[in-house]
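Descriptive structure summary
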Amino acid sequence: MEQTKKFMHVAEVVSQSRLTEDICSLWIKDRDIAENARPGQFVSLFTRADSRMLPRPISICETNRNKGTIRLVYRIVGSGTKEFSCLSGGEPIEIMGPLGNGYDLNCKEPVLMGGGIGIPPLLMLAKELSAMGIPKKQLHVILGYRDNAFLLDEFKKIADIHISSDSGAIGRKGNVVDCAREEDVTGECIFSCGPTPMLRAVKRYAYENDIPAQLSLEEHMACGIGACLACVTRTAEPDEHFKVNTRRVCKDGPVFYAEEVEL
Amino acid sequence: MEQTKKFMHVAEVVSQSRLTEDICSLWIKDRDIAENARPGQFVSLFTRADSRMLPRPISICETNRNKGTIRLVYRIVGSGTKEFSCLSGGEPIEIMGPLGNGYDLNCKEPVLMGGGIGIPPLLMLAKELSAMGIPKKQLHVILGYRDNAFLLDEFKKIADIHISSDSGAIGRKGNVVDCAREEDVTGECIFSCGPTPMLRAVKRYAYENDIPAQLSLEEHMACGIGACLACVTRTAEPDEHFKVNTRRVCKDGPVFYAEEVEL
Amino acid sequence: MADLSVNFCGITMKNPVTVASGTFGSGREYDEFVDVNRLGAVTTKGVSLTPWEGNPTPRIAETASGMMNAVGLQNPGIEEFLKTDIEFLKQKDTRIIVNVCGHSEKEYVGVVERLRDEPVDLLEINVSCPNIKLGGIAFGVDPVALEKITKEIKKKARQPVMMKLSPNVTNIAEMARAAVAGGADALSLINTLTGMKIDIHKKCFAIANRTGGLSGPAIKPVALRMVYDVCHAVDVPVVGMGGIASWEDAVEFIMAGATMVSVGTANFRDPFTTGRVIDGLNSYMEKEGLASLSEIRKIL
Amino acid sequence: MADLSVNFCGITMKNPVTVASGTFGSGREYDEFVDVNRLGAVTTKGVSLTPWEGNPTPRIAETASGMMNAVGLQNPGIEEFLKTDIEFLKQKDTRIIVNVCGHSEKEYVGVVERLRDEPVDLLEINVSCPNIKLGGIAFGVDPVALEKITKEIKKKARQPVMMKLSPNVTNIAEMARAAVAGGADALSLINTLTGMKIDIHKKCFAIANRTGGLSGPAIKPVALRMVYDVCHAVDVPVVGMGGIASWEDAVEFIMAGATMVSVGTANFRDPFTTGRVIDGLNSYMEKEGLASLSEIRKIL
Ligand SMILES: Cc1cc2nc3c(=O)[nH]c(=O)nc-3n(C[C@H](O)[C@H](O)[C@H](O)COP(=O)(O)OP(=O)(O)OC[C@H]3O[C@@H](n4cnc5c(N)ncnc54)[C@H](O)[C@@H]3O)c2cc1C
Ligand SMILES: Cc1cc2nc3c(=O)[nH]c(=O)nc-3n(C[C@H](O)[C@H](O)[C@H](O)COP(=O)(O)OP(=O)(O)OC[C@H]3O[C@@H](n4cnc5c(N)ncnc54)[C@H](O)[C@@H]3O)c2cc1C
Ligand SMILES: Cc1cc2nc3c(=O)[nH]c(=O)nc-3n(C[C@H](O)[C@H](O)[C@H](O)COP(=O)(O)O)c2cc1C
Ligand SMILES: Cc1cc2nc3c(=O)[nH]c(=O)nc-3n(C[C@H](O)[C@H](O)[C@H](O)COP(=O)(O)O)c2cc1C
Ligand code: FES
Ligand code: FES
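Everything quoted here is computed from the prediction, not taken from an experiment.

**Quick notes on the overall build of chain C**
A count of helical and extended segments in chain C gives 8 helices and 18 strands. Radius of gyration (C-alpha) of chain C: 18 Å, near the 19 Å computed for a compact globule of 300 residues. Counting only C-alpha atoms, chain C reaches 55 × 50 × 40 Å along its principal axes. Each of the 300 residues in chain C was classed as buried or not, and the buried ones make up 64%. Taking contacts inside chain C between residues at least 6 apart in sequence as the whole, the part at least 24 apart equals 70%. Just so you have it, chain C exposes about 9,700 Å², and 49% of that area is on carbon and sulfur atoms. Computed over 32 positive and 35 negative side-chain charges, the separation of the two mean positions in chain C equals 5 Å.

**A closer look at the site of ligand 1**
All names here are of chain A. P57, R75, G80, T81 and I117 are the nearest of the 20 residues found near ligand 1. Take R75: an N or O atom from its main chain is 2.7 Å from an oxygen atom of ligand 1. Contact distances for ligand 1 include 2.5 Å between an oxygen atom and a side-chain N or O atom of T81. Of all elements in the fold, only β4 (56–59), β6 (69–75) and α2 (79–85) reach the threshold of two or more residues within the shell around ligand 1. The greatest single-element share of the shell around ligand 1, amounting to 4 residues, is contributed by β4.

**Regarding helix α2 (residues 105–114) of chain D**
Inspection of α2(D) places E107(D), Y108(D), V109(D), G110(D), V111(D) and V112(D) among the buried residues, and these make up the whole buried set. On its buried side, α2(D) packs onto α1 (78–89), β7 (95–100), β8 (122–126) and α3 (143–156) of chain D.

**Re the nonpolar core**
The biggest cluster of nonpolar side chains holds 296 residues, and the ones touching the most others in it are I125(C), M163(C), L187(C), I125(D), M163(D) and L187(D). Setting aside its immediate chain neighbours within four residues, I125(D) contacts V100(D), Y108(D), V112(D), I153(D), V161(D), M162(D), M163(D) and K164(D).

**Observations regarding the relation of the copies chain C and chain D**
Superposition of chain C onto chain D requires a rotation of 180° combined with a translation of 0.0 Å along the rotation axis, giving an RMSD of 0.0 Å. Seen this way, the second copy is the image of the first under a two-fold rotation axis. Most of the interface of chain C is mirrored in chain D, where 100% of its interface residues again form contacts.

**A short note on the packing of helix α5 (residues 220–231) of chain C against helix α6 (residues 247–256) of chain C**
Residue and element names in this part refer to chain C. Between α5 and α6, the least distance of the axes is 8 Å, while the angle of their chain directions is 25°. On the basis of the axis angle, α5 is roughly parallel to α6. Residues K220, A223, L224, V227, Y228 and C231 of α5 form the contact with α6, whose own contacting residues are D249, E252, F253 and A256.

**Remarks on the side chain of Q159(D)**
All names here are of chain D. Within the element layout of this structure, Q159 appears in the loop between α3 and β9 (161–164). Relative accessible area serves as the criterion here: at 3%, Q159 is assigned to the buried category. Separated by 3.2 Å, the side chain of Q159 and the backbone oxygen of V120 make a polar contact.

**So, the pairing of strand β9 (residues 140–145) of chain A**
Residues and elements named next belong to chain A. The element β9 is largely enclosed, with a buried count of 6 among its 6 residues. Covered by surrounding structure in β9 are H140, I142 and G144 together with V141, L143 and Y145, the residues of both alternating faces. Note that strand β8 (residues 110–115) and β9 share 5 bridges and pair parallel. Counterpart to G114 in the pairing with β9 is L143. Pairing of β9 with strand β10 (residues 160–165) involves 6 bridges; the strand directions are parallel. Across the sheet, H140 pairs through a bridge with D160, a residue of β10.

**Details of the sheet that holds β8(D)**
Residues and elements named next belong to chain D. With parallel pairing, the 8 strands of this open sheet are ordered in space as β3-β16-β15-β10-β9-β8-β7-β4. A single partner strand is all that each edge strand has here, and the edge strands are β3 (17–19) and β4 (41–43). The sheet shows a mean angle of 25° between the axes of neighbouring strands, taken without regard to direction. Sheet contacts for α3: β8 and β9; angle to β9, the most-contacted strand, approximately 155°. Across the sheet, helix α8 (residues 273–288) lies against β3 and β16 (260–263), angled at about 165° from β3, the strand it touches most.

**Digging into the state of the cysteines**
Summed over all chains, the structure comprises 2 disulfides over all chains. Two residues share a disulfide in this structure: C107(A) and C189(A), whose sulfurs sit 2.1 Å from each other. Residue C107(A) is located in the loop between β7 (92–99) and β8, and its partner C189(A) is located in strand β12 (residues 189–193); the two are separated by 82 residues in the primary sequence. Judged on exposure class, the residue C107(A) and its partner C189(A) are both buried. You can see C9(D) has no disulfide; the closest cysteine sulfur is in C231(D), sitting 13 Å from it.

**Looking at the interface of chain C and chain D**
Facing 39 residues of chain C, the contacting portion of chain D comprises 39 residues. Summed over both partners, the interface of chain C with chain D buries about 3,300 Å², with 71% contributed by carbon and sulfur atoms. If you look at where chain C meets chain D, you find 2 salt bridges. Note that K203(D) and E288(C) form a salt bridge whose closest N and O atoms lie 3.3 Å from each other. Between the two partners, chain C and chain D, sit 12 residue pairs in polar contact (both at pLDDT 80 or more).

**What to know about the interface of chain D and chain A**
Taken residue by residue, the interface counts 37 residues in chain D and 38 residues in chain A. For the pair chain D and chain A, the summed buried area comes to about 3,100 Å², and 59% of that belongs to carbon and sulfur atoms. Linking chain D with chain A are 6 salt bridges, by the criterion used here. Salt-bridge contacts for R56(A) lead to E62(D); the nearest nitrogen and oxygen are separated by 2.7 Å. Taken together, the links from chain D to chain A amount to 14 residue pairs in polar contact (both at pLDDT 80 or more). At the level of elements, β5 (60–63), β6 (66–69), α1 and α7 (266–269) of chain D are the ones that each hand at least two residues to the side of chain D that touches chain A. With 4 residues, the single largest contributor to the side of chain D that touches chain A is β5(D). Residues of the side of chain D that touches chain A, tallied by class, amount to 17 nonpolar, 10 polar and 10 charged.

**Quick notes on the pattern of salt bridges**
What the rule picks out here adds up to 80 salt bridges over all chains. For E118(C), the salt bridge is made with R114(C), and the minimal N-O distance between the two is 3.4 Å. One salt-bridge network, held together by shared partners, links D239(A), R247(A), R248(A), D252(A), E260(A) and E29(D).

**As for the site of ligand 3**
All names here are of chain C. As a matter of local geometry, ligand 3 sits amid 20 residues, with S21, K164, G216, G243 and T265 nearest to it. At a separation of 3.3 Å, an oxygen atom of ligand 3 approaches a polar backbone atom of G46. With respect to ligand 3, the side chain of N99 contributes an N or O atom lying 2.9 Å from an oxygen atom. For ligand 3, whose unbound accessible area comes to 610 Å², protein coverage reaches 96%. Among the residues making up the shell around ligand 3, the classes are represented as 4 nonpolar, 15 polar and 1 charged.

About the thresholds
- Residues numbered from 1 in each chain as written.
- Chains lettered and ligands numbered in written order.
- Predicted model: local features only at pLDDT ≥ 70, side-chain atom pairs only at ≥ 80, totals over all residues.
- Heavy atoms only, no water.
- Helix = DSSP H or I, 4+ residues; strand = E, 2+ residues; numbered from the N terminus.
- Rg over C-alpha atoms; globule rule 2.2 N^0.38 Å.
- Buried < 20%, exposed > 50% of the residue type's maximum accessible area, 1.4 Å probe, protein only.
- Contact = heavy atoms within 4.5 Å.
- Areas by Shrake-Rupley, 256 points an atom, 1.4 Å probe, with all protein chains shown as cover.
- Lys, Arg positive; Asp, Glu negative; His and termini not counted.
- Charge placed at Lys NZ, Arg CZ, Asp CG, Glu CD.
- Near = heavy atom within 4 Å.
- Polar contact = N/O pair within 3.5 Å; in protein donor to acceptor, adjacent residues only side chain to side chain.
- Core = buried A, V, L, I, M, F, W, Y, C linked by side-chain atoms within 4.5 Å.
- Least-squares fit on C-alpha atoms with pLDDT ≥ 70 in both.
- Axes fitted to C-alpha atoms, helices over the stretch in contact; angles between N-to-C directions.
- Parallel < 35°, antiparallel > 145°, perpendicular 65-115°, else oblique.
- Pairing = 2+ DSSP bridges.
- Disulfide = S-S within 2.5 Å.
- Buried area = accessible area lost by both parts, 1.4 Å probe.
- Salt bridge = Lys/Arg side-chain N within 4 Å of Asp/Glu carboxyl O.
- Nonpolar A, V, L, I, M, F, W, Y, C, P; charged D, E, K, R; others polar.

Listed below in structure tokens is the structure:
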């Protein structure tokens, strides 16, 4: 995918709410990012604390081009996300984006497989695919939760939904791949985002079923734009420029074809 | 003076306002400190930023024992005071106090000499002296400003006021000692707080006129309670415990008799 | 309550938490905020044979997530120290670690001898003092000088001797080995990193002494690396310190190999830090079902 | 506009601000945020004779007011570097400082020779690389090794040679003198301090490489002290770095003796930092009425 222009702004928080005990939904006003973002891209959020030097990468969950706003859905896991969770409407936030490549949308019958906090970017993807004309029953979405569901109703409107959870508290007990197998969900290509063990399972599943799969990866980041080489992932083939078997998640990714990367 | 008990609280900001462009007046609800504070004592204010490890010492400018509140008046000079200046009613603030010894109030006709941001603690002192029965015309206050006056009206109600400023913009041009000389202000003892060069002049003036003077000093502090020995000032005589010619501003001070210290 | 006790050089400490020398006095002032009896041990400020003046002020400056100090080891000398500080501490139910400083071997040894019959549990030798013979260079940056002074001190000491290592060296493991070769019973680290700050408006050094010792969370990564290196180079017990401000920090140091931990600069930001660290360690042990902290010590 | 230009080893830099190697790539990625033409110079990431893989991930971790990295000098090797990075930079109106790394004298010299006829203004030699012959210990912590490698490089270099010093040493002035004795035309410092972080929940090192290099505002006091020491020990020009995030920080380093300054970790927090530093220096000079930055250099 060709690279999009990146912006860095002090943007304004529109509103924030809680989806579950520890998952927050944050709307931010940023027309440039809203207009340029593609499904699978992410932003860097900067914390206010000057003791924290590094940006937090968060996927774009939704955009509203009319209002010029973007939505981020994230789990509170550490110092930065805790700080973000206290933001409310009107407050400023430093943001850089849109970053990364995003998914390749060319697909007639997609299967979206999202686990945990990998689910949010799939919402933007599903909406975009739906807007491109893919009918609800051909737009398969498998969501894997830890325990409590979130964003579920929004997917239900446009997609054929399958659910699993670690605990079995909601949907089938197990992960998204177990769910795909047991509910026999198939399609033309897979789009996935979630924790690495899940992506590993998706990769295997895609290989066994000979379906192309795009996986969105996570790595710790510093620059977020490809300069520092903090965020590489191992690849099957040497990188064209770097000559070694790694590629940058922030710039060459976060989305890779399953066969490109070694997880 | 015997030591008072110290408290450390997360207190609540009652309100804040600006007295001049860069001088703030902050009321904080803290019953323990309000009830125990004496004129000349100070508090340690802690910043929220976890990159800033040290407390900011700020003198107590006024207390309201009924409401259980204290007032701090400070100038914005750096990172910490800048942060404090953004506080508004209802917000939490970490505070420790009351700290230090405070002034010895035993005096019939006091002369208070305050310079710049040394003026605020003299307000509490003047109020206390006034409450002890010292009539307005016997309560002399000389205030030295950089340019803009602050707290002036509050002093005017209870004291005989004389004013000087560096620029001559308000009152007499010059410092508080020039003003005392020129307006022939005398009394039984001097209470002073202000920048070191001014205190040096006050010390000389007191010596020449043979008036006892109490000076409130400033030093950079870490613990604020006498443990770390960051904040010492040179003294004429060896300290009883430490055996060397220094005393701690945070615990043995901030108020010293002029002849005790070498400025 | 989990069993937080540790054995340090044969001494049982009720928990592994002490304070970093110089940041807590001898506990008298902090007594208003901290129940000193809760500490595993109190480590006193440095004490020398005679009263020391310390440096001119400003003695401290704030830095990003840290501070610098050049207090210069001001102290009233050993006699007054025994009369006031030890007198105070011996009434408390906590172990006493006395931090010792000097300008020459003779001065160190003098203090150590004077402490022989006092109710002191452990000696911590601060070798970051300027060494008069070596032209003001600290004892603690030269392995030969370090081994020698350790030997001299060990000859006269009744209590176990813990050498406090300076981080301003190329090879901390080499320094640890030198101290142990000299007979050190334990090691503590890190002391402060030498730093500088300039007041660009006044065009002068922010600290009168020009340089100061950097401490606080800023230096924690360096401290942890050195504690790890030392614990993997020698077999004596270690007190780890440098930026510890939470129980999580304490666990990091224990996992790196420390037997005890000291809270220093964090006391200034929050005088209740030691209590929070002890409580946090207790909950952690209960949650993880640990019978002893040795189960996580040096697991990496 | 004040005259911000400085003369560095005979090269005129339009201002004293460059970027710290490894934090800015070769500027291609930052070009979207920063007008690379405004920089006095771009210092490239480290380049070696052949492609280097770098370390496994995680390669970085955040720390209090800083970060650690163990990228491990991943780079495509000198040939690809010339084709892409130098090709990009030579179209810009800025000086080019190439950071060179290697595992052996031969590798360093190989890169330096290859750069002889390229449009490169200055060579910065990163001697913090693991030295194969010395069993993986960095060239930069042993004064004898440092002097020797400087000599070998000087023999073959066409451009001025700047040795980049490691702060993980007992005596930075001694290292500076060794580099100058070997013929160094300039020095840059500091590289990162070795640190460690442990993930106590996963019970593993936060960085796959175990240790990482600490950088950012946390280390600024150490960096400033070392720059001061070096500028007062030797007479070659110095590029100062370590935690610089504002024009005030830059002035501190210049007052300590630096001729140029590098912005590193701060680029991650705010990609516009270099521009802010340049603008701030300009206003400062105008306000203070300085004709040249040399008026405040080394005034302390
Ligand atoms: C491309 C990408 C997209 C992401 N999208 C989302 C999302 O939409 N929703 C969501 O909840 N989370 C997402 N994450 C994970 C998110 O970045 C981390 O949860 C977050 O950075 C944690 O920050 P913290 O300050 O709360 O945690 P801390 O542990 O305090 O962070 C310390 C440092 O580690 C980094 N870090 C910690 N965990 C991760 C992680 N899992 N991945 C990368 N860096 C990490 C932080 O950025 C920071 O630099 C994404 C990660 C990547 C790489
Ligand atoms: C006993 C005492 C009473 C004081 N009372 C008042 C008051 O009533 N009103 C008022 O405006 N100011 C008062 N000051 C000065 C006030 O403490 C400083 O202005 C304030 O600490 C600056 O903090 P900052 O974060 O804004 O500045 P920064 O420069 O960012 O502070 C950096 C560090 O230096 C210390 N510091 C800087 N200036 C001073 C100073 N002048 N004295 C002591 N430490 C300093 C800070 O506490 C902090 O640790 C008093 C100082 C002392 C010692
Ligand atoms: C104000 C201050 C005074 C200190 N005085 C001493 C001392 O007297 N003897 C000593 O060995 N270390 C002294 N230190 C060093 C500390 O004991 C400790 O080694 C260092 O500060 C690192 O720990 P921290 O980051 O938790 O503060 C002092 C540190 C500070 C901040
Ligand atoms: C991610 C990262 C990569 C680095 N890579 C290199 C490098 O390739 N060569 C080098 O000499 N220094 C490298 N450094 C060190 C920096 O150039 C600089 O010396 C150090 O980070 C201190 O400056 P700072 O605090 O401003 O970042 C790197 C630093 C970071 C943070
Ligand atoms: S985060 Fe810097 S290259 Fe990806
Ligand atoms: S600030 Fe610690 S003794 Fe005064």
